[in-house]
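Overview (structure and organization)
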Amino acid sequence: MSRQRVDSQGSIGPNDEVMPYSDDETDDELDDETSESEAEVAPEAPQPPMETRPPVVGWKVKANDRAYHQLPEFKKKIFLCIKKSRYSGNAIKTYKYNALTFLPLNLYEQFKRVANIYFLVLLILQSIPEITTLPWYTTLIPLVIVLGITAIKDLVDDLARHRMDKEVNGRKCEVLLDGRFQDSKWRNIQVGDVVRLKKNDFIPADILLLSSSNPNSLCYVETAELDGETNLKFKMGLRVTDERLQEEQELAEFNALIECEEPNNRLDKFTGTMQWAGERYPLELDNMLLRGCKVRNTDVCHGLVIFAGADTKIMRNGGKTRFKRTKIDELMNYMVYTIFVLLILVAAGLAIGHTYWYQDIGSRAWYLYDGKHQDAGYRGFLSFWGYIIVLNTMVPISLYVSVEVIRLGQSKFINWDLQMYYHEKDTPAKARTTTLNEQLGQIQYIFSDKTGTLTQNIMQFKKCTIAGRSYGDPTTSEGVSLDKIKPVDWSWNRLADKKFDFVDHLLVANIKSKKDKDALEFFKLLSLCHTVMVESNDGELVYQAASPDEGALVTAARNFGFVFLSRTQDTITISEMGREATYEMLALLDFNSDRKRMSIVLKFPDGRIRLYCKGADTVIYERLSPNTRHKDATQRALDMFANETLRTLCLCYKDISASEYESWSRKHKDAQLTMVDRDAALDRVYEEIETNLMLIGATAIEDKLQDGVPETIAKLAKADIRIWVLTGDKKETAENIGYSCSLLTDDMQVHYGEDVNEKLRIRQADRRNSAPQTIRARKKKPAEPFFPGSGKNALIITGGWLNEILFEKKKKRRRLKLRRLGRRPPPTNPQDEQPMNDLEKELRQIDFVDMACECEAVICCRVTPKQKANVVSLVKKYKKAVTLSIGDGANDVNMIKTADIGVGISGQEGMQAVMSSDFAFAQFRYLQRLLLVHGRWSYIRMCKFLRYFFFKNFAFTLVHFWYSFFNGYSAQTVYEDWFITLYNLAYSSLPVLLVGLLDQDVNDRLSLKFPKLYLPGQQETMFNYKNFFISLFHGIFVSLIIFFIPYGAFLQTMGQDGEAPSDLQSFAVVTASSLIFTVNLQISLDTSYWTFVNCFAVLGSIAIYFGIMFDIHSAGIHVIFPSIFTFTGAAPNALRQPYLWLTIILTVGMSLLPVICIQFLYKTIWPSVGDKVQKNRKKYEEDLKRSEEEEARRKRPAFQRDRPSRRSAYAFSHTPGYANLISTGRSIRRRPQARGGPQDGTREHSRRDAQAM
């Protein structure tokens, strides 16, 4: 029996086997609690009378009556006096725009960016003649291009969402309309509709099962979309609807009223009643088919839509869709704000300079008189706005669009990566968003689901021990060990499953010879002691098991000659080595989480009565007979299997006399009829007969991990990425997988919920006993570690303990109590387990996060979808860490949406997680490539791009600042207008874009070989405010060089032809040419990975500059547009002077020389990890090639761990099976020919009460 855990207060701790949906309780659950809570309150002064509220209208559904749901009582107010039905339609909407709203809504979203508003204001300023210093088109053209490109990208993304919504909403389903079933699209289904579903159909809404083609309206469903599990679950219609709602006419006349709970996110619960023909019938979750599931092994079923669209449980579990932004995005916005401040300060300073200059010089110089009677202050005010316009390129208008282009390209590289393509399922990797790529290079915490994400959810019979001898290693039929694996040939068994793999030929030989009686008994037990259902599909036997473990065991018995063929309510028929035999089933003692075993009592054809039992070794060994043999040998085998992380199960039997069985049978029937605590009574009766068992052996099942999971986890751990597993599975199963995938290791100290709760309680008590000054002092310094010492720690905690620890228990109950009793002051002397106030609750959460983050591994099991999201939120909130969630089912959607990055595993488990994810691929192992290669490259590229982009704009813009000292601070520009317009669009954009798209410091193989290369992204060392100010000062230095060297060269100079080309236009040509050479050669110095495209971009940008410049300085274009192109002949005149070319070369050399020296010193004296790897790249690549060849030759040994006390039992993970269906015969017997009356339906009982019937 499972032990009860007692916390520090002596109260029994939460049940580790139960998923705690305390936060998601529905109000009807609290009705019973209210009276209890009122009884707990001590009598005090009379409370003021509470205002009575009108009764709340519950969720009511009328079958075949759409008009009923439009009644005024079911309307809700949405805006002012506008009301709509509270019943959602079944259409799902994930898109943002339609044809009418796209333009206004997209422009509104784009102008929420401060930079775009800034440039719109600039455009307005440039249209004012008195202050404009640049033509309006210098801002309009870049702004239109930026807005247009972003709008096109948003349109493409939204069209993809439209297509996906259209595909889902356009699925066909048969709906009963006008008395007959008609094809209808999912979007048109409404609450109260009767629908018909067929085999392999997806369920379009949350539906009450009415009838099916199976006996007793059984319906098998696959819940992979909900929980990632591929084993089938069964649902059952009410008996009254099964008997009376089979034909179309009967369904059309169905007019029942359903009253049930409000829509909620609880996947484990549904309560309601059905009123029909004057009778009331109870409804429960077993009667419901949930949206997202798939109908299996059921030809036809009929159902009534209860919840549609956004009200369905799968959609309620989806959580809110959050707008995700990268850390670099946030930092970039702050830097743009910083530039705004600098721009205003510089413009204000220059405006003040102009005011004083005009007072002292400008107003007295007759040749500067402009005919305007304006005082110095007003001129200074106009000069301020003029400099805002001139220096506007400090805020780069093309920055955002360039970032979007780079992100789009990086997303395409992820989509095109063949090493993340899964051939078996024809599934490529998919970047579903284009805005989060560089965040992949900064991940600190990964939150992973287990089933279907780390594991394949496929169980395989690997080894066994029979009568003290172990089998499963590669051997010959004589027992000689083999080096090479040679699979067993099953051709001797025509009923064998050809997909079953086994490599021990000795066990097969023993079975075929029929000499080993223990081996025959072993597999006979496996073929008889189970709750598997069987059906024939084209002559092939198909097993439907309550868990994949049980299916694997029955399949193993099938291949070894003991084939389960069929069963009735009280018999089981098997084929024993080709001979068919039928056994009478006297009792079936089903599994539950406390018993951790199941038994079956059989009457053999020769009259013997025998009990077969299988279960966890911890419970089986307590019940073995003193005379049993091979206990020690089996124990050693169990230890060996556990070391290999296989899931073990002990098999035993007991012969029972007829008199003993008769006596026990009477007690069993009495327990079945008990009305009070029937489960406990049955367990006591089961205990009486499950004693003095004789051990036969044990099985070992492998819960197959996905390929490469341990290696991926190990590699990510070397990159200092913490991995937490959040699963709804049971604790022992999750712990076993933790060891299998190397997340847990033997040198770790594992802490469980009780230990964690006690440590946090002690910390909380210390804080309460401390003075307020001490608490404030503690906040300023780091908290003391919970685990002092250098040892490794791991944390395994269940959902129940998580709620206990975080004070998340029974929120609704607390709200209800407040509503009924009114607010009371907080207790002055609270119990340790209750928070005094919200601050104390927050401190408790911080303590838990600190403790968990001290651990190398964290596993949270039996957690609800909401708890998964809450754990992610806590780490984001209190650690300010970048998080990634990865999962495969609908129960992972909330977690995926909450994390900074959401990854969906696409494959057999469904597409719900993928549809909510940011990135998707088919195998967990691709995560290391996504992060360590694509993520790291994206981060490095984006950081280089931003550093360079800010530098080149500072270098370009601040030349105007230096020029202002020589033009009376008059906001005059150095460059010509068209150069200002085209600088960021054509002359300097392509090389930096290609660096942002293609650059890489080391190749992908070395990125995976050296995970430490990932650390700079986590530490944010490549782009921060320090880098920003370095780029600023670099830009200031280069602008200084670019202005003053040509300025000095133009002073008192004479050309070869005797002319002095020291005019402004020639000066503008020289400074512009120097700038173009400098910024394009600077990006060349920053490029780590050279390709032909990079080389072409750098040279091409310079060529484009000269080509356009000579064109717009030509006489021909001046003749056509004399007022726009005014630099006629400036470039040819200036650039034919050799000394001006020398000036350009000197300027470029002086600008680049310091950078070259600094880069040389850094790579020589203070090299980074990347520099070291780059330096020895060839050597590392050769080593990598050799190691790959050796690994291909070497056989990989099985994973081992040395912890014999651990048990990894299948029974820990198993769930109650089909025992009730079998023992009552509801899945087997024929449908009654006569239709029952309404009174028959009153015999309907829940599945738990079935045995008593």
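Residues numbered from 1 in each chain as written. Predicted model: local features only at pLDDT ≥ 70, side-chain atom pairs only at ≥ 80, totals over all residues. Heavy atoms only, no water.

Looking now at the overall build of the chain. Of regular secondary structure, the chain possesses 43 helices and 35 strands. For the chain, the residues scored as buried account for 55% of the 1253 residues in total. The contacts of the chain with a sequence gap of at least 6 include a subset with a gap of at least 24, amounting to 76%. When the accessible area of the chain is evaluated, it comes to approximately 55,800 Å², of which 55% is carbon and sulfur surface. (Helix = DSSP H or I, 4+ residues; strand = E, 2+ residues; numbered from the N terminus. Buried < 20%, exposed > 50% of the residue type's maximum accessible area, 1.4 Å probe, protein only. Contact = heavy atoms within 4.5 Å. Areas by Shrake-Rupley, 256 points an atom, 1.4 Å probe, with all protein chains shown as cover.)

On to the environment of Met-1022, then. By secondary structure assignment, the location of Met-1022 is in the loop between helix H33 (1015-1019) and helix H34 (1025-1050). Setting aside anything within four residues of it in sequence, one finds Met-1022 in contact with Tyr-939, Ile-940, Cys-943, Arg-947, Pro-1016 and Asn-1027.

Right, let's get into helix H19 (residues 709-718). Each full turn of the α-helix corresponds to 3.6 residues, which orients residues three or four apart in the same direction. For H19, every residue scored as buried is listed here: Val-709, Pro-710, Thr-712, Ile-713 and Leu-716. Buried positions in H19, seen along its axis, are confined to an arc of 165 degrees and lie on one side of it. The inward-facing, buried residues of H19 abut strand S17 (445-448), strand S28 (694-705), strand S29 (722-726), helix H20 (731-740) and helix H29 (926-964). (Arc of directions from axis to C-beta.)

Moving on to the pairing of strand S26 (residues 609-615). The side chains of a regular strand alternate between both faces of the sheet. Taking burial as the measure, the seven residues of S26 include seven buried ones, the bulk of the element. Of the two faces of S26, the one holding Ile-609, Leu-611, Cys-613 and Gly-615 and the one holding Arg-610, Tyr-612 and Lys-614 are both buried throughout. Two elements, strand S25 (residues 597-603) and S26, share seven bridges in a ladder whose sense is antiparallel. Note that in S26 the partner of Leu-602 across the bridge is Arg-610. The hairpin formed by S25 and S26 contains five residues between the paired strands, and Gly-607 there has a positive phi angle of roughly 100 degrees. The pairing of S26 with strand S27 (residues 647-656) spans seven bridges and is antiparallel. Bridged to Leu-611 within S27 is Lys-654. (Pairing = 2+ DSSP bridges.)

Here the focus is a nonpolar patch on the surface. Taken together, the side chains of Val-114, Tyr-334, Tyr-337, Tyr-1025, Phe-1029 and Phe-1033 make up a nonpolar region of the molecular surface, amounting to roughly 580 Å² of accessible area. When contributions to the nonpolar patch are tallied by element, the ones reaching two or more residues are helix H9 (327-362) and H34. Structurally, Tyr-337 is set in helix H9. Among the residues examined, Tyr-337 registers a relative accessible area of 37% and is labelled partly exposed. (Patch = residues over 30% accessible without salt bridge, like charges linked within 9 Å, V, L, I, M, F, W, Y side chains within 5 Å. Salt bridge = Lys/Arg side-chain N within 4 Å of Asp/Glu carboxyl O.)

Apart from glycine, the bulk of residues carry a negative phi angle, and the bulk of peptide bonds sit in the trans form. With a phi angle near 60 degrees, Lys-514 is a residue other than glycine that sits in the positive phi range. The residue Lys-514 is located in the loop between helix H12 (505-513) and helix H13 (517-528) in this model. For Lys-514, a relative accessible area of 43% gives the class partly exposed. Positive phi, normally seen in glycine, also occurs at Asn-692, with a value near 50 degrees. The residue Asn-692 is located in the loop between helix H18 (678-689) and S28 in this model.

What follows concerns the pattern of salt bridges. Per the stated rule, a full pass over the model turns up 48 salt bridges. One salt bridge in this structure joins Asp-154 and Lys-153, with 3.9 Å as the shortest N-O distance. Owing to a relative accessible area of 13%, Lys-153 belongs among the buried residues under this scheme.

As a further point, take the packing of aromatic side chains. Tallied over the full model, the rule gives 66 aromatic pairs. Taken together, a centroid distance of 5.3 Å and an interplanar angle of 75 degrees make the contact between Phe-447 and Trp-724 edge-to-face. Taken together, the residues span a long stretch of sequence, with Phe-447 in strand S17 and Trp-724 in strand S29 at a distance of 277 residues. The class of Phe-447 is buried, set by a relative accessible area of 0%. The class for Trp-724 is buried, based on a relative accessible area of 1%. Each member of the aromatic cluster is reached from another via a ring pair, and the members are Phe-961, Trp-962, Tyr-963, Phe-965, Phe-966, Tyr-969, Phe-1043, Phe-1044, Tyr-1047, Phe-1050 and Phe-1067. One cation-aromatic arrangement involves Lys-62 over Tyr-68; the distance from NZ or CZ to the ring centre is 5.5 Å. (Phe/Tyr/Trp six-rings, centres within 6.5 Å; stacked < 30°, edge-to-face > 60°. Lys NZ or Arg CZ within 6 Å of the ring centre and 35° of its normal.)

Attention now goes to the pairing of strand S21 (residues 540-544). As paired strands, strand S20 (residues 533-537) and S21 are joined by five bridges and run antiparallel to one another. Bridge pairing in S21 links Met-533 to Gln-544. The turn joining S20 and S21, which pair antiparallel and follow one another in sequence, is formed by two residues; a positive phi near 55 degrees is taken by Asp-538.

For the rest of this paragraph, the subject is the side chain of Ser-1074. The residue Ser-1074 is located in helix H35 (residues 1064-1086) in this model. Not counting residues within four places of it along the chain, the set of residues in contact with Ser-1074 comprises Ile-1042, Ile-1144, Thr-1147 and Val-1148.

Moving on: the packing of helix H21 (residues 753-769) against helix H23 (residues 799-806). Two numbers describe how H21 lies on H23: the axes approach to 10 Å, and their chain directions differ by 5 degrees. Relative to H23, the element H21 is oriented roughly parallel. When H21 is examined against H23, the residues Gly-753, Glu-754, Val-756, Asn-757 and Leu-760 are found in contact with a partner set consisting of Trp-801, Glu-804 and Ile-805. Partitioning the contact of H21 with H23 into residue classes produces four nonpolar, two polar and two charged. (Axes fitted to C-alpha atoms, helices over the stretch in contact; angles between N-to-C directions. Parallel < 35°, antiparallel > 145°, perpendicular 65-115°, else oblique. Nonpolar A, V, L, I, M, F, W, Y, C, P; charged D, E, K, R; others polar.)

A few words on the sheet that holds strand S19 (residues 469-471). What the nine strands build is an open sheet, ordered S19-S18-S28-S27-S26-S25-S24-S23-S22; its pairing is antiparallel. Strands at the two margins of the open sheet, each flanked by one partner only, are S19 and strand S22 (562-567). Along the sheet, successive strands turn relative to each other by an average axial angle of 30 degrees, direction set aside. As judged from the three bridges shared by strand S18 (residues 455-466) and S19, these two strands associate in the antiparallel manner.

The positions UniProt marks with the feature "transmembrane region" (unreviewed entry) are residues 111-128, 134-156, 334-358, 378-403, 945-966, 978-998, 1028-1049 and 1139-1162. Between the C-alpha atoms that bound residues 134-156 the distance is 35 Å, and the span itself is 87% helix and 0% strand. (UniProt positions renumbered as here; feature names shortened; annotations may be inferred.)

Turning our eyes to something else, we now look at the nonpolar core. With 97 residues, the main nonpolar core has Phe-945, Leu-946, Phe-950, Tyr-975, Phe-979 and Leu-1075 as its most contacted residues. Per-element accounting of this core gives the leading share, 17 residues, to H29. Excluding residues that lie within four positions of it along the chain, Phe-945 makes contacts with Leu-399, Ser-402, Val-403, Ile-406 and Val-992. Core analysis: the second largest hydrophobic core is formed by 60 residues, Ile-466, Ala-519, Leu-526 and Ala-557 among them. (Core = buried A, V, L, I, M, F, W, Y, C linked by side-chain atoms within 4.5 Å.)

Angle between the axes and distance between the axes are the two parameters that describe a pair of packed helices. Between helix H25 (residues 838-854) and helix H26 (residues 865-879), whose axes approach to 10 Å, the crossing angle comes to 95 degrees. The orientation of H25 with respect to H26, classified from their angle, is roughly perpendicular. Residues Glu-842, Gln-845, Ile-846, Val-849, Asp-850 and Cys-853 of H25 touch H26, and the partners they reach there are Leu-874, Val-875, Tyr-878 and Lys-879. Looking at the contact of H25 with H26 residue by residue, the classes come out as six nonpolar, one polar and three charged.

Structurally, Leu-368 is set in the loop between H9 and helix H10 (376-390). A relative accessible area of 37% places Leu-368 in the partly exposed class. Excluding residues that lie within four positions of it along the chain, Leu-368 makes contacts with Trp-357 and Gly-362.

Here the focus is the sheet that holds strand S1 (residues 59-62). A sheet is described by the order of its strands in space; here four strands give the open sequence S1-S10-S11-S12, paired in antiparallel fashion. Each having just a single partner strand, S1 and strand S12 (279-284) make up the two edges of the open sheet. Geometrically, the sheet is characterised by an average inter-axis angle of 20 degrees between neighbouring strands, direction not taken into account. Pairing analysis gives four bridges linking S1 to strand S10 (residues 257-260), with the strands arranged antiparallel. Within S10, the residue paired with Trp-59 across the bridge is Cys-260.

Turning our eyes to something else, we now look at the state of the cysteines. The final tally for this structure, using the stated rule, is zero disulfides. Cys-219 provides the cysteine sulfur closest to Cys-301, a residue in no disulfide bond, and the two sulfurs are 4.1 Å apart. (Disulfide = S-S within 2.5 Å.)

The subject of this paragraph is H29. Over its 39 residues, H29 runs 56 Å from end to end, which matches the ideal 57 Å to within 8%, given 1.5 Å per residue. Of all the bends in H29, the greatest, near 30 degrees, is centred on Gly-935. Counting buried residues along H29, 37 of its 39 residues qualify, which places the element largely inside the surrounding structure. (Expected span 1.5 Å × (residues − 1). Bend = angle between axes of the 7 residues up to and from the residue.)

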